[in-house]
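What follows is each chain in one-letter form.
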Amino acid sequence: MFVTGTDTGVGKTVITAAIAAALRSEGRNVGVWKPVQSGGLLGEGITDAERLLRGTGIAERPEQVAPFTFAAPLAPALAAKQAGVDLTTAGLLAAGEPLAERYDALLIEGAGGAAVPLTSDALVADLIAELGVPALIVACCGLGTINHTLLTAALLRQRGIPVAGVVMNEVDHATSRTDPSTAANAELIERYGSLRVLGRFPWVSGEATMERLVRAVKQHIDISPIRTILENVTNS
């Protein structure tokens, strides 16, 4: 399953780690994959791949989870070009094959949103379509999220990508508590987008440990549709 977002900074990494950790706590052989990341270097402890590993307890090296890492805080296509790397969809897919062989299923975290330029001729949505997997949308809770979520779903569906659901994420504790739109956003997303909102993930203060993430998923997110999809993958 591919985890994409309505924008950068909406919490894809914490949601990917949390769901993967919850599934692994049930004894499922689920891995994580970040095909490409930018904005930091491995070893600094701040990259998405390193955060995914800390949040899930998976014993992989960061460079195995994120085969392509670029320092520049740019869209992958631009960051790769600046680094002198010819990033291609075929190269991304090939780099993920070892992970696919080691796990029964993967949660794949994208870069930014579905319309982010990934290579010189492909968006993130094109990679999802090439993989042939459903997408999970991570969205903010506050004002503006209905528009962003419906547009993201429309682009995915245009590419023939099934949308497994939406997870609302409390990215900012203060805003999520004071923004009056948060009370109705999930219901409106379901109504106007024919989408299923799986829950609202709470703001996590301090270190997002595996135990805290698993507990938050069990209390606030319905991952039964994700279980069903991954079981179908495992049994196919």
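Per an unreviewed UniProt entry, the protein chain goes by the name ATP-dependent dethiobiotin synthetase BioD and belongs to Paenibacillus elgii.

Before going further, it helps to spend a moment on the overall build of the protein chain. Each helix and strand in the protein chain was counted, giving 11 helices and 10 strands. By the compact-globule yardstick of 18 Å for 236 residues, the protein chain fits well, its C-alpha radius of gyration being 17 Å. In the protein chain, which comprises 236 residues, the share counted as buried stands at 50%. The contacts of the protein chain with a sequence gap of at least 6 include a subset with a gap of at least 24, amounting to 76%. Side chains of the protein chain carry 19 positive and 24 negative charges; the gap between the two charge centres is 5 Å.

What follows covers the side chain of Thr16. Along the chain, Thr16 falls in helix α1 (residues 12–25). A distance of 2.7 Å separates the side chain of Thr16 from the backbone oxygen of Lys12, its partner in a polar contact. Residues in contact with Thr16, not counting those within four places in the same chain, are Val3, Val32, Leu52, Leu107 and Glu109.

What follows concerns the environment of Arg61. As for its position among the elements, Arg61 is in the loop between α2 (48–56) and α3 (62–65). You can call Arg61 partly exposed: its relative accessible area is 48%. Remark: the alpha-carbon pair of Arg61 and Gly11, spanning 50 residues in sequence, is separated by 22 Å.

Roughly 770 Å³ of internal volume is contained in the largest pocket. Taken together, 40 residues make up the lining of the largest pocket; nearest its centre are Gly11, Thr13, Val14, Asp48 and Arg51. Where the lining of the largest pocket is concerned, the elements lending two or more residues are α1, β3 (36–38), α2, β4 (68–70) and β5 (105–113). Looking at the lining of the largest pocket, its residues break down into 18 nonpolar, 14 polar and 8 charged.

Rules and cut-offs
Residues numbered from 1 in each chain as written. Predicted model: local features only at pLDDT ≥ 70, side-chain atom pairs only at ≥ 80, totals over all residues. Heavy atoms only, no water. Helix = DSSP H or I, 4+ residues; strand = E, 2+ residues; numbered from the N terminus. Rg over C-alpha atoms; globule rule 2.2 N^0.38 Å. Buried < 20%, exposed > 50% of the residue type's maximum accessible area, 1.4 Å probe, protein only. Contact = heavy atoms within 4.5 Å. Lys, Arg positive; Asp, Glu negative; His and termini not counted. Charge placed at Lys NZ, Arg CZ, Asp CG, Glu CD. Polar contact = N/O pair within 3.5 Å; in protein donor to acceptor, adjacent residues only side chain to side chain. 1 Å grid on protein atoms, 1.4 Å probe; cavity = no way out; pocket = protein on both sides within 12 Å on 5 of 7 lines; lining within 4 Å. Points joined across faces, edges and corners; volume = space filled by probe spheres on them. Nonpolar A, V, L, I, M, F, W, Y, C, P; charged D, E, K, R; others polar.

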